[in-house]
Each structure stands twice: as structure tokens, then as C-alpha cells.
Amino acid sequence: MPHISPPIALSTPNQNLVRLTMMRGITWTGFLLVITFGINVLQFHLNVLLVITCIMAMGIINLLTWWRLGRPSAVSDQEYELHLLVDIAGLTLLFALTGGATNPAISYLLVPVTIAAATLRWRSALLIAAVAILSYLLLMFYYVPVPELSRQLPNLPFNLHVIGMGITFLLSTALVIFFISKMALALRVRDRTLARTREAALRSEQILAVASQAAGTAHELGTPLSTISVIVSDMLEDAEGQPQLQEDIRLIKQQVDTCKAHLRTLADSARRQAGSMEEADVSEWFKRVINRWTVMRHDMEFQLDIAKGRAPQIEVDATLEQAMMNLLNNAADADPSNIEIQLYWENQEVIFDIRDHGAGVPLEIADQLGDTFISTHSKGMGIGLFLTHSTLDRFGGSVRLYNHEGGGTLTEVRLPVAYSAL
């Protein structure tokens, strides 16, 4: 089977709700500790039953949220938004029982607003902000006062209210930096994943279109190639006694036979079940690819360096062989006089390096190679690189083209070792 990346375990709303639940647990545990300290040490006069009931209710909501996150159904954006509204409601009730807008922790209402702005659509974020503002306005008029908040502490230049504001600021800053940055990162990862998915879908559509055209073209090419083969055979007989002409005609015949062999391979591949692959020794397989390449290209000189030791197994099929042939032909087209080819393996990956000494890759198209029909040379259509990129991607591999510092182009192909060989 081709390499398949593991799926993302949680959707973005799921991940954000996990972090929101963790943040909620930290926040309300902190509120419980501060209120317990205020009642027992600072002698705050509060309605203890209502305050503790409010905190316990939020604790129960948090436990139910953890239970819900263990269910198989995904969290929707609307459900995530509802949790933020519940947080604002819980904060409003707690602040109403502990000083309202005079509570030094009132600025914590900004945290749900910040979370909404970082993780939700603008309309949802606007709703969360409007609810938070309304809660703040209500807390300016409807609240249970706590006179002890204005108490001056001995040997300190400020009162309890100022200390509470400082603690709230530190807590809010820590939570925003740690949790909200991770929520925003989850959104960016999701956007990148969606972009890659759209690109893969577009590439698949393009490949399907190319495949359809290739099937029709292959069928149509059979007849003219057979005609050319017959005519070339007759020309070879007529050129008896002309060695130079016979050599040229034999070369033409050989190229025609190669084209017919490619068409037969294409037809055989179409008859086989799609996706059928086999494992092969990468060293032996690559030597076969090189041998086939040398039969097709008589005009090039190359150096082949294969790493010593036991070669790993990789998954191969006819399309992978054709992809490597495309890259080797590109190197030969760039400069057939000096091609350096290396095969080695490291970190459960097989690496093929193909270096030519041609003109290199133009910088203006370097980032687009393989993503669309763009060619590195004037006579090419760009289909070869496009199909090569798609084939290697299907095998879990990659191809990169670099301008070598010594001149020419370095093509680097990476393929994963077969699972059974791990």
C-alpha cells in the first residue's frame, strides 16, 4: 500500500474546546482558592452558599464537557460558541455575587472575547463581545458589594482591589499567551490542511484529464507507428550497401519499437487492477530503471553511485518507474555529457540524487514545478514533471529541484521504505 499520513485525531473545534475546558478548570479553581482565602483570612462578607454553588455548577459543566469530548461526534462551531456564552454567564453570576464591576477580576471578561476573536468567525466573535459588554454594564448596577476590597493592607502602598487587579492581569496574560496561541495555531494548521486538500483534488482532476487524453492518444498512435515500422523495414532493405544510412534507419526503427513498447506497457497497466504494487529491492529495481534508460538514450554519459550494504525494500509499480525515467530524461535533456546519479538511504527513507550540469532551474518558475504544467526547457510541455510529482506524492515521497552551487540542477527524490521492511 502507498504511504498514507495518519488522520488528524480531533477537528479544530474539538481541539479548541479541549483547551477551553482546561482553561476553565484552571480559572475556576483559582477563583475558588481566592474566595476561600478571602472568606477565611480577609474576613470577606459574602453569600457563601450562592458563591460556592456557582463555582460548583461551573465545575459540573466542566466535567460534563470532558465527558462530551469523549463521544465520537465532532464538536461544531455553534457548540463551541455556546460554551463561550456559558463561561460569560458563569463569570457574570460570580462577579454579581462578589462586587460586580468593582471586583478586580472583572477584566477577565476580556478572555472569552479574545478567544472568540482568535477562533471564531467575525459574526460569532461580535456576538460574544456584545454579550460580554452587556454583562459588564449590568454588573455596574446589579451586584452584591464587597467593602473589604477597598481595605488598605499594612506596609503596602495599595489596597486589595489593586492587588486583585494585578493577579487577574497576570492570570489573564498567562492564559491568553499559552492557550489562545495554541488555538490560533490549530486554525492555521486546519487552513493549511484544507489548502493541501484542495490542491490534491485539483491535481487529481488534472491527472484524470491527462489520463483520458493519454488513453485516446495511445490508441490513435498504434496505427501510424505500425505503418512507420513497415516503411522503415522496407527502407532498411533498400539501403543495402550503404552502411551509414542503414545505421540511421536502424536507429529510427529502434526508436519506433521503443514507442510501441511504451504503448504496450500502457495498455497492460490499464488492464491490471488499479493500485496494484509490489515490493522490490531498491538497488536492483533502480539498476533495471537505469538499464532501460540507457537503451533509450544513447547520447549521454553518466556516473552511477549506489550505496554499499543491504538495500531496503520499497513499493514500486510501472508509474514509479516512469516517474524516475522522466527525471533522468530531464537531466539528459539539460546536459547529456555529464550526469551524476546517486542512490543511498537514511532514516527509513531512500534518496535518489540526479545532478546535471545544464543551465539550472529559472528562479521565476522554481516554486511552481510539479504543481502545474510548467517545463524546465523550451520544448517541454511540463506534463512529465507534473505526473512525476503526483506519482511520488501517491507513494508518500517527494521530489525537489535545486540549483546546484557548482552549476546545473540537483533533483532530489525521497521515498519511504516499505512498511514490511521497517
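This report concerns the structure included in the present document. (Residues numbered from 1 in each chain as written. Predicted model: local features only at pLDDT ≥ 70, side-chain atom pairs only at ≥ 80, totals over all residues. Heavy atoms only, no water.)

**Re the nonpolar core**
Then, in step 1: With 43 residues, the main nonpolar core has W28, F31, Y80, L84, L94, F95 and Y108 as its most contacted residues.
Then, in step 2: Elements with a contribution of two residues or more to this core: α1 (12-40), α2 (48-69), α3 (77-97), α4 (110-119), α5 (122-139) and α6 (160-238).
Then, in step 3: Counting residues per element, this core draws most heavily on α3, which supplies 8 residues.
Then, in step 4: Beyond its immediate stretch of four places on either side in the chain, Y108 contacts M23, T27, F31, L91, F95, T168, L171, S172 and L175.
Then, in step 5: In terms of nonpolar packing, the next biggest core, distinct from the first, is built from 32 residues, M300, I314, I341 and F352 among them. (Core = buried A, V, L, I, M, F, W, Y, C linked by side-chain atoms within 4.5 Å. Buried < 20%, exposed > 50% of the residue type's maximum accessible area, 1.4 Å probe, protein only. Helix = DSSP H or I, 4+ residues; strand = E, 2+ residues; numbered from the N terminus. Contact = heavy atoms within 4.5 Å.)

**A few points about the side chain of R355**
Then, in step 1: Inspection of the secondary structure assignment puts R355 in strand β5 (residues 349-355).
Then, in step 2: Despite its burial, R355 remains without a salt bridge, the nearest opposite charge being carried by E340 at 4.1 Å.
Then, in step 3: Within the local environment of R355, its side chain forms a polar contact with the backbone oxygen of G407, the two atoms lying 2.9 Å apart.
Then, in step 4: Apart from residues lying up to four places away in sequence, R355 is in contact with N338, I339, E340, H404, G406, G407, T409 and L410. (Lys, Arg positive; Asp, Glu negative; His and termini not counted. Salt bridge = Lys/Arg side-chain N within 4 Å of Asp/Glu carboxyl O. Polar contact = N/O pair within 3.5 Å; in protein donor to acceptor, adjacent residues only side chain to side chain.)

**Topic: a nonpolar patch on the surface**
Then, in step 1: There is a patch of nonpolar side chains on the surface, built from I133, L134, Y136, L137, L138, M140, F141 and Y142 and spanning about 860 Å² of accessible area.
Then, in step 2: When its relative accessible area of 34% is taken as the criterion, Y136 is described as partly exposed. (Patch = residues over 30% accessible without salt bridge, like charges linked within 9 Å, V, L, I, M, F, W, Y side chains within 5 Å. Areas by Shrake-Rupley, 256 points an atom, 1.4 Å probe, with all protein chains shown as cover.)

**Structural notes on unusual backbone geometry**
Then, in step 1: Backbone geometry at N347 places phi at a positive 50 degrees, although glycine is not the residue there.
Then, in step 2: Within the secondary structure layout, N347 lies in the loop between β4 (339-346) and β5.
Then, in step 3: Of note in this structure, Q348 is not a glycine but carries a positive phi near 60 degrees.
Then, in step 4: When its relative accessible area of 49% is taken as the criterion, Q348 is described as partly exposed.

**Focus on helix α9 (residues 318-334)**
Because an α-helix packs 3.6 residues into every turn, residues spaced three or four apart end up facing the same way.
Then, in step 1: With 17 residues, α9 should cover 24 Å at 1.5 Å per step; its first-to-last C-alpha distance of 25 Å lies within 8% of that length.
Then, in step 2: Taken together, the buried positions of α9 are L320, A323, M324, M325, N326, L327, L328, N329, A331 and A332. (Expected span 1.5 Å × (residues − 1).)

**Details of the sheet that holds β4**
Then, in step 1: Across the sheet, which stays open at both edges, the 5 strands sit in the order β2-β4-β5-β7-β6 with mixed pairing between neighbours. The sheet is open, and its two edges are formed by β2 (302-306) and β6 (398-403), each paired on a single side. Across the sheet, the mean angle separating the axes of adjacent strands is 15 degrees when strand polarity is ignored.
Then, in step 2: Bridge count for β4 against β5 is 7 bridges, and the pairing is antiparallel. If you follow W345 over to β5, its bridge partner there is V350.
Then, in step 3: Across the sheet, helix α8 (residues 282-296) is in contact with β2, β4 and β5; its angle to β4 comes to roughly 165 degrees. (Pairing = 2+ DSSP bridges. Axes fitted to C-alpha atoms, helices over the stretch in contact; angles between N-to-C directions.)

**Some points on the packing of aromatic side chains**
Then, in step 1: Summed over the entire model, instances satisfying the criterion amount to 6 aromatic pairs.
Then, in step 2: With centroids separated by 6.2 Å and ring planes inclined at 70 degrees, the aromatic side chains of F31 and F95 adopt a geometry described as edge-to-face. Taken together, the residues F31 in helix α1 and F95 in helix α3 connect sequence positions 64 residues apart.
Then, in step 3: The class for F95 is buried, based on a relative accessible area of 1%.
Then, in step 4: Summarising the aromatic geometry, the rings of F31 and Y108 are spaced 6.0 Å apart at their centres and angled 80 degrees between planes, so their arrangement reads as edge-to-face. Note that F31 is positioned in helix α1 and Y108 in the loop between α3 and α4, a separation of 77 residues in sequence. (Phe/Tyr/Trp six-rings, centres within 6.5 Å; stacked < 30°, edge-to-face > 60°.)

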